[in-house]
Amino acid sequence: MKFVFRLFIVLSFTACSIIPSSKQRNNVRIPVGPGPEDIVIDSSGASYPRLLVSCLQRRKELPAFNEICEVNLNTDAYKPLKRTNEPQGMVFRPHGIDLVKNTKGELLLYCVSHNEVQNQHSIIVYKVLADHLEFKEKMDSPLLVSPNDVGASCTGELFVTNDAGKRGSVMEQLLKLKRSNVVHYNPATSQWNIAAAGVSYA
């Protein structure tokens, strides 16, 4: 018994480690639009490296702000990027985003977007240019019930997390119910399917 206790003490101390100190000397506050949701870095071909930030203002008492903002990493200046060629009446409320260069060499931004009024949740694809975003495609599926984030490949394959089995379900979050999932899109067949089920807050 004493041996087991001593072994436990020795293993406890050997498992401890010192957290390395950060080499960053100070924190820098970077201004973005209200309601930042997700962020990607774009160092593809712009004259400066930049961040693309999806911003979704959720406070009802404040003006609506549903934009993709650009942050210049040299100056920390930010501005909303103009979006062109969108279908008339399209609702854009960005959430999770991913940035991918496709096999044609186009830089594409994949955005989760929520139309809460019509209970429609989509993936909206833009071609990223130096000073604006050009609409390419709006992707919908009944499986996108509460999309939170999206991951894309250069071939257009997607994985999308649904953070709940039912949109806005507080009980799922509080009780950690495993009702969310991961949805897969296959560009070769244009088919959506559930890739992983029984996940808690994917």
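Coordinates for the structure precede this section.
Residue positions are given per chain, counting from 1 as you read along its sequence in written order. In view of the model being predicted, local features appear only for residues whose pLDDT reaches at least 70, and side-chain atom pairs are presented and counted only at 80 or more, with totals across whole chains, interfaces and linings using the full set of residues. Note that water and hydrogens are dropped before the side-chain values are worked out from all heavy atoms of the structure.

Student: In this structure, what is going on with the sheet that holds strand β11 (residues 158-162)? I would like to understand it.
Tutor: Strand pairing in a sheet relies on backbone hydrogen bonds, with the paired strands running either antiparallel or parallel. Spatial ordering of the open sheet is given by β10-β11-β12-β13, a layout of four strands whose pairing is antiparallel. In this open sheet, the two strands that pair with only one neighbour each are β10 (147-152) and β13 (191-199). When strand polarity is set aside, the average angle formed by the axes of neighbouring strands in this sheet is 20°. Pairing geometry for strand β12 (residues 180-186) and β13, over six bridges, is antiparallel. Bridge pairing in β13 links Tyr185 to Trp192. Two strands qualify as a pair provided that DSSP identifies no fewer than 2 bridges between them. By the criteria applied, helices consist of DSSP H or I runs no shorter than four residues and strands consist of E runs no shorter than two, each listed in order from the N terminus. Lines are fitted to the C-alpha atoms to define the axes, a helix being fitted only along its stretch in contact, and any angle between axes, read from their N-to-C directions, falls within 0 to 180 degrees.

Student: For this particular structure, what's the right way to read the nonpolar core?
Tutor: When a protein is soluble and globular, its nonpolar side chains tend to lie buried together. Only buried residues count toward a nonpolar core, which is a set of Ala, Val, Leu, Ile, Met, Phe, Trp, Tyr and Cys residues joined through side-chain atoms within 4.5 Å. Throughout, exposure labels follow a simple rule: accessible area from a 1.4 Å probe, protein chains only, divided by the maximum for the residue type, with under 20% read as buried, over 50% as exposed, and the rest as partly exposed. Judged by nonpolar contacts, the single largest core of 16 residues is most densely connected at Leu52, Ile68, Leu109 and Tyr126. In this structure, Leu108, Ala152, Val160 and Val183 belong to the second largest nonpolar core, which totals 15 residues.

Student: Mind showing me how you'd approach the sheet that holds strand β4 (residues 78-80) here?
Tutor: Spatially, four strands are ordered β1-β2-β3-β4 in an open sheet, and the strand pairing comes out antiparallel. This sheet does not close on itself; its edge strands, each paired only once, are β1 (36-42) and β4. The average undirected angle you get between the axes of adjacent strands in this sheet is 25°. One ladder, built from seven bridges, connects strand β2 (residues 50-56) with strand β3 (residues 66-72); its direction is antiparallel. Paired with Ser54 across the bridge in β3 is Ile68.

Student: Can you walk me through a nonpolar patch on the surface in this structure?
Tutor: On the surface, a nonpolar cluster with roughly 430 Å² of combined accessible area is contributed by Val170, Met171, Leu174 and Leu175. Considering the arrangement of structural elements, one finds Met171 in helix α2 (residues 170-174). Like charges are joined within 9 Å and nonpolar side chains (Val, Leu, Ile, Met, Phe, Trp, Tyr) within 5 Å, but only among residues with over 30% relative accessible area and no salt bridge; these make up the patches. Residue burial considers only the protein chains on display, and all accessible areas are found by Shrake-Rupley using a 1.4 Å probe. Only one rule defines a salt bridge in this text: a Lys or Arg side-chain nitrogen within 4 Å of an Asp or Glu carboxyl oxygen.

Student: What should I look at first to understand the pattern of salt bridges in this one?
Tutor: When the charged atoms of two side chains lie near each other, side chains of opposite charge can form a pair. For the coordinates displayed, the defined rule picks out eight salt bridges. Between Asp42 and Arg50 there is a salt bridge, with the nearest N and O atoms lying 2.8 Å from each other. A relative accessible area of 1% places Asp42 in the buried class. Given a relative accessible area of 2%, Arg50 falls into the buried group. A salt bridge links Arg83 to Glu86, with the shortest nitrogen-to-oxygen separation between them at 2.5 Å. Members of the salt-bridge network, linked through shared partners, are Asp42, Arg50 and Glu70.

Student: Got a minute to help me understand the layout of surface pockets in this structure?
Tutor: Unoccupied space between atoms shows up once a probe the size of one water molecule is rolled over them. Buriedness for pockets is judged along seven lines, at least five of which must meet protein on both sides within 12 Å for an open set on the 1 Å grid over protein atoms alone, while cavities are sets there where a 1.4 Å probe fits but cannot get out, and lining residues have an atom within 4 Å of a point. Grid points are joined across faces, edges and corners, and a volume is the space filled by probe spheres set on the points. Put simply, the largest pocket is a space of about 290 Å³. Taken together, 16 residues form the lining of the largest pocket, with Leu108, Tyr110, Glu137, Thr155 and Gly156 sitting closest to its centre. The element best represented in the lining of the largest pocket is strand β9 (residues 132-140), accounting for three residues. Under the scheme applied, nonpolar residues are Ala, Val, Leu, Ile, Met, Phe, Trp, Tyr, Cys and Pro; charged residues are Asp, Glu, Lys and Arg; polar residues are all the others, including Gly. Of the residues in the lining of the largest pocket, the class split is seven nonpolar, five polar and four charged.

Student: Where do I start with the packing of aromatic side chains in this structure?
Tutor: Note on aromatic pairs: each is described by the distance of the centres and the angle between the planes. Stacked, edge-to-face and tilted are the three classes for Phe, Tyr and Trp ring pairs, Trp counted by its six-membered ring, which pair at centre distances within 6.5 Å; planes under 30 degrees apart are stacked, over 60 edge-to-face, the rest tilted. Here the structure, examined in full by the defined rule, presents three aromatic pairs. With a centroid separation of 6.2 Å and an interplanar angle of 80°, the aromatic rings of Tyr126 and Phe135 are classed as edge-to-face. Classification of Tyr126 by relative accessible area gives buried; the value is 0%. Counting every residue linked through ring pairs, the aromatic cluster contains Phe92, Tyr126 and Phe135.

Student: Please clarify how the state of the cysteines should be interpreted in this entry.
Tutor: Any pair of cysteine sulfurs within 2.5 Å is marked as a disulfide. Taken as a whole and assessed by the stated rule, the structure comprises zero disulfides. Cysteine Cys55 shares no disulfide, and the gap to the nearest cysteine sulfur, in Cys69, comes to 4.0 Å.

Student: Sorry, what's going on with the pairing of β9 here?
Tutor: Within a regular beta strand, the side chains point alternately toward one face of the sheet and then the other, so they alternate between its two faces. Bridge count between strand β5 (residues 82-84) and β9: three bridges; the pairing is parallel. Across the sheet, Lys82 pairs through a bridge with His132, a residue of β9. Relative to β9, strand β8 (residues 120-128) runs antiparallel, the two being bridged by seven bridges. Residue pairing across strands places Val128 opposite Leu133, the latter belonging to β9.

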